[in-house]
Amino acid sequence: MSKFHSMVSRRDFMKAIGMAGAGVGAVAATTPVFHDLDELMSSSSVTPAKRPWWVKERELFNPTSEIDWDLMQRFDRKNEAHSRRIATMYRSVETIDAAAVTQKKIDADRIAKQTPGFDTKYQALKAGYSGSTESPAWAYPGIVDEADWAKTPEELGMPKWSGTPEENSRLLYAALRYYGAMFIGYAEVEDKWRNKLFVKTTTDAVRNWTWTPQNPDPPESDELRYVYENVDQPYSELRKGSTGRSAGKHVIPSKPLWLITIATGACMEATKTLDSTISKSNSSTANNGHEALKVRTFNFVRALGGWRAFGDGGHQTSESNFSAAMILTGLAENSRQGNYCLTPETGPNHIPFTMLTDFPLVPTKPIDAGLFRFCHSCKKCADACPSQSISHADEPSWDVPDVDGKPRVFCNPGHKGFWPDMANCNYYSKGGGTSGCWVCYANCTFSEDKAAMMHNIIRGTVSTTSLFNGFFSSMSNTFGYGPYESPEVWWDMSLPAYGFDSTIGAAKGGYSK
Amino acid sequence: MWFFIALIAGAGIMGLAWLLKIKGVKLTWYEWLLGIVGFFLVLMTIQNYFGSVAEYEQEAANMFLLVLGLPAVVLLALAWSLAWRRRSAT
């Protein structure tokens, strides 16, 4: 039979169909059959953990390695193999002691010879997480107790890490990802940062200060100020102010410094349980991770070459406005909401903080994913805001409008933005209207998942053209995106560890998306 | 899921091509276009429907059935109808 005019003969076609049918049949025979999603989700009777379909459950106490319960007795940990007792039971004391000496020599030789895998950067990476698991006390200059400081290469008799700023940047990025950071950006602390962006004071002096026309400001002696001095290391001089909070100064050295912007993940699904105790997801488990990240970064750069990483790290007490740092170091764009910023991957669902370091780095550049431009058309957060604290303006403005005849002092002019009424927001969410809020986070068009491919198609389109922004924004409402109907669904989701997708930013095959 | 969809779609396309050949039906360029767009929309509907269900966004899933699935069915039916009528007329 000629195949000239046809790529597939009738016989070939039927054979292919038969093979495909057999294949599908074989797979179907070995695949669990679920009649609906509820059945699929309840396939494990105890947890909703998602396992591969080819993992089968067995009976209780009947794992794949056989057990004779008549033979089984309680184990005595005196017989544990990682003990000197057991070591010397099978080998002579001399042999075991000699091995311990040899082990120390091997370790010392590896470090001395800078054997790949054991050189300074590996020692620093380990120093970052060793001893930091208990989160030693932290203050603006760094780890409080010097006993918790990692040893420098000099103290260990190792060569100091020597790399270009580019190499340093890559090294720190890898370490920070390993320590738990999701988004990482850098800036060189030059004049714009020192004279325009770093704050003058923390909020300490005013947290408990009552404003009156006669006494609008607390005394200067109550202020905790950020000041620059020609010193080698950061330090603080603190005392108690009249309202009982810290006052004094945090000193930023005038020498060359770099800013590290870090954001950990936030549980978007927790945000979307709105209204619930966990819907304010920037108070989630990842927020506590900041303490470990600060300690780890401090010890990492110290163990690399005696550099210092420092900074308060609190969003009301840090030297930086975190959203500004996220935007200027290329991790996010500004938003209509004006308080949070939007990352291309997670929207407003991330938890940022900053640190300063004298470890030379290369600045990362701002990004354009069309997010802020999208906010011009999208007013979903503003419409949803129950206190109407978010601007409905069509375009951002340089001018900061007054609030009820008073200047909007809580907004810092100098950028073209949408100006939120954060005093009203704060009042509303602290009893003026309700307790807690987070409606804007849960209703943000970018607080969406990635499973439906339409989300990524839209994100790609938004970054290219603003032509469809209004349409996409209205479709977000039409399709019912926003908070879940009931917070109860959260408990059955089997979310990733820590409640967020830690593969965001992963480039290695197997994790990359 | 995509593996099985591709398997079924591939078999379906080959079956369709075979059917058209033995029935002696030749499709016009616009029938091909309608069919291809309709088929593409079917795939988009399947992916976005199940993706949205996985996201716990049932309302969005239903909307995808409406805004992608319905046009897909219409386009495929139109392509089939045009080809069938033309064949019946000859």
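Source: prediction; values computed, not measured.

A. A look at the overall build of chain B. The secondary structure content of chain B amounts to three helices and zero strands. Element order for chain B, N to C, with α for helix and β for strand: α-α-α. On C-alpha atoms alone, chain B measures out to a radius of gyration of 15 Å, which is more than a quarter above the 12 Å that the 2.2 N^0.38 rule sets for 90 residues. Referenced to the eigenvectors of the C-alpha coordinate spread, the extents of chain B come out at roughly 50 × 25 × 15 Å. Put simply, chain B has 90 residues, and 32% of those count as buried. Long-range contacts, defined here as pairs at least 24 residues apart, represent 74% of the contacts in chain B between residues at least 6 apart. Carbon and sulfur atoms form 78% of the exposed surface of chain B, whose accessible area is close to 5600 Å². Of the charged side chains in chain B, 6 are positive and 4 negative, and the gap between their average positions amounts to 33 Å.

B. Examining the nonpolar core more closely. Residues and elements named next belong to chain A. Ranked by size, the top nonpolar core spans 32 residues in total, and within it Leu172, Leu176, Ile260, Phe300, Leu304 and Phe359 carry the most contacts. Listed by contribution, the elements that provide at least two residues to this core are α5 (120-129), α7 (165-179), β3 (183-188), β7 (258-265), α10 (285-305) and β9 (350-357). Sorting elements by how many residues they give to this core places α10 first, with seven residues. Every residue in contact with phenylalanine 300, bar those within four places of it in the chain, is listed here: Lys121, Ala124, Leu125, Gly128, Leu171, Leu172, Ala175 and Tyr179. Residues Ala369, Cys375, Ile390 and Val462 belong to the second largest nonpolar core, which totals 25 residues.

C. Up close: the UniProt feature "transmembrane region" (unreviewed entry) in chain B. Residue and element names in this part refer to chain B. In the numbering used here, UniProt assigns the "transmembrane region" (unreviewed entry) feature to residues 29-51 and 63-84. Secondary structure across residues 29-51 comprises 100% helix and 0% strand; the distance between its end C-alpha atoms is 33 Å. Helix makes up 100% of residues 63-84 and strand 0%. Its end C-alpha atoms lie 31 Å apart.

D. Molecular detail of the packing of helix α2 (residues 29-54) of chain B against helix α3 (residues 58-89) of chain B. All names here are of chain B. Packing of α2 against α3 brings their axes to within 8 Å, and their N-to-C directions diverge by 160°. In terms of orientation, α2 and α3 fall into the roughly antiparallel class. For the pair α2 and α3, the crossing hand works out as left-handed.

E. Representation of the sheet that holds β3(A) within the structure. Residue and element names in this part refer to chain A. Across the sheet, which stays open at both edges, the four strands sit in the order β3-β7-β9-β8 with antiparallel pairing between neighbours. Where the open sheet ends on each side, the last strands, each with one partner, are β3 and β8 (309-310). In terms of strand pairing, β3 meets β7 through six bridges, oriented antiparallel. Bridge pairing in β7 links glutamate 188 to tryptophan 258.

F. Region of interest: the sheet that holds strand β6 (residues 246-253) of chain A. Residues and elements named next belong to chain A. Pairing in this open sheet of three strands is mixed, and the strands run β4-β6-β5 from one edge to the other. A strand with exactly one partner marks an edge of an open sheet, and here the two such strands are β4 (224-229) and β5 (235-240). On average, each strand axis in the sheet is inclined to that of its neighbour by 15°, with strand direction left out of account. As paired strands, β4 and β6 are joined by six bridges and run parallel to one another. Looking at the pairing, leucine 224 lines up with glycine 248 of β6.

G. The arrangement of the packing of aromatic side chains in detail. Tallied over the entire structure, the rule returns 24 aromatic pairs over all chains. Measuring from ring centre to ring centre gives 5.1 Å for A:Trp490 and A:Trp491, while their planes differ by 90°; the resulting arrangement is edge-to-face. Assessed through its relative accessible area of 23%, A:Trp490 is described here as partly exposed. Taking the relative accessible area as the measure of exposure, A:Trp491 reaches 62% and is therefore exposed. On the basis of an interplanar angle of 85° and a centroid distance of 5.3 Å, the ring pair of B:Tyr49 and B:Phe50 is categorised as edge-to-face. On the basis of relative accessible area, B:Phe50 is assigned to the partly exposed category, the value being 43%. Lying over the aromatic face of A:Phe418, A:Arg336 brings its terminal NZ or CZ to 4.1 Å of the ring centre.

H. Structural context of the environment of A:Glu319. Residue and element names in this part refer to chain A. When you line up the elements, glutamate 319 lands in the loop between β8 and α11 (322-328). Counting along the chain gives 118 residues from glutamate 319 to threonine 201, while the straight-line C-alpha distance between them is 7.9 Å. With near-sequence residues (within four places) excluded, glutamate 319 lies in contact with Leu197, Phe198, Val199, Tyr226, Ile252, Leu259, Gly311, Thr354 and Leu356. At 3.2 Å, the side chain of glutamate 319 and the side chain of serine 318 are in polar contact.

I. Spotlight on helix α4 (residues 93-112) of chain A. Taking 1.5 Å of rise per residue, the 20 residues of α4(A) would be expected to cover 28 Å, and the 29 Å separating its terminal C-alpha atoms lies within 8% of that figure. Just beyond α4(A), the residue with positive phi is A:Gln114, at close to 50°.

J. Up close: the pattern of salt bridges. Residue and element names in this part refer to chain A. Applying the stated rule across the entire model yields 18 salt bridges over all chains. Glutamate 155 serves as the salt-bridge partner of arginine 302, at 3.6 Å between the closest nitrogen and oxygen. Here glutamate 155 lies in helix α6 (residues 153-156) and arginine 302 lies in helix α10, a separation of 147 residues in the sequence. Put simply, aspartate 232 and lysine 255 hold a salt bridge, and the shortest N to O gap is 3.2 Å. With a gap of 23 residues between them, aspartate 232 in the loop between β4 and β5 and lysine 255 in the loop between β6 and β7 connect regions that are remote in the sequence. If you follow the salt bridges from partner to partner, you end up with Asp232, Lys255 and Asp358 in one network.

K. Main features of unusual backbone geometry. A cis amide bond links A:Leu274 with the next residue in sequence, A:Asp275, at an omega value of 0°. Inspection of the secondary structure puts A:Asp275 in the loop between α9 (268-271) and α10. Within the chain, B:Tyr56 stands out as a residue other than glycine whose phi angle is a positive 65°. Within the secondary structure, B:Tyr56 is located in the loop between α2 and α3. B:Tyr56 gets classed as partly exposed once you look at its relative accessible area, which sits at 27%.

L. Molecular detail of the side chain of A:Thr317. Residues and elements named next belong to chain A. Summarising the element assignment, threonine 317 is placed in the loop between β8 and α11. A relative accessible area of 16% places threonine 317 in the buried class. Dropping the residues within four chain positions of it, threonine 317 is found in contact with Thr202, Asp204, Tyr226 and Asp312.

M. Structural context of the side chain of B:Ser52. Take B:Ser52: it is sitting in helix α2. On the basis of relative accessible area, B:Ser52 is assigned to the buried category, the value being 0%.

N. Broad picture of helix α16 (residues 453-464) of chain A. With twelve residues, α16(A) should reach 16 Å at 1.5 Å per residue; the first-to-last C-alpha distance of 17 Å fits that figure. Of the positions making up α16(A), those classed as buried are A:Met454, A:His455, A:Arg459 and A:Val462. Along α16(A), the residues classed as buried sweep out an arc of 140° about the axis, all on the same side. Looking at the buried positions of α16(A), the neighbouring elements they touch are α12 (371-377) and α17 (469-478) of chain A together with α2 and α3 of chain B.

Here is what the cut-offs are and how they apply
- Residues numbered from 1 in each chain as written.
- Chains lettered and ligands numbered in written order.
- Predicted model: local features only at pLDDT ≥ 70, side-chain atom pairs only at ≥ 80, totals over all residues.
- Heavy atoms only, no water.
- Helix = DSSP H or I, 4+ residues; strand = E, 2+ residues; numbered from the N terminus.
- Rg over C-alpha atoms; globule rule 2.2 N^0.38 Å.
- Buried < 20%, exposed > 50% of the residue type's maximum accessible area, 1.4 Å probe, protein only.
- Contact = heavy atoms within 4.5 Å.
- Areas by Shrake-Rupley, 256 points an atom, 1.4 Å probe, with all protein chains shown as cover.
- Lys, Arg positive; Asp, Glu negative; His and termini not counted.
- Charge placed at Lys NZ, Arg CZ, Asp CG, Glu CD.
- Core = buried A, V, L, I, M, F, W, Y, C linked by side-chain atoms within 4.5 Å.
- UniProt positions renumbered as here; feature names shortened; annotations may be inferred.
- Axes fitted to C-alpha atoms, helices over the stretch in contact; angles between N-to-C directions.
- Parallel < 35°, antiparallel > 145°, perpendicular 65-115°, else oblique.
- Left-handed = near helix turned anticlockwise from the far one by under 90°.
- Pairing = 2+ DSSP bridges.
- Phe/Tyr/Trp six-rings, centres within 6.5 Å; stacked < 30°, edge-to-face > 60°.
- Lys NZ or Arg CZ within 6 Å of the ring centre and 35° of its normal.
- Polar contact = N/O pair within 3.5 Å; in protein donor to acceptor, adjacent residues only side chain to side chain.
- Expected span 1.5 Å × (residues − 1).
- Salt bridge = Lys/Arg side-chain N within 4 Å of Asp/Glu carboxyl O.
- Arc of directions from axis to C-beta.

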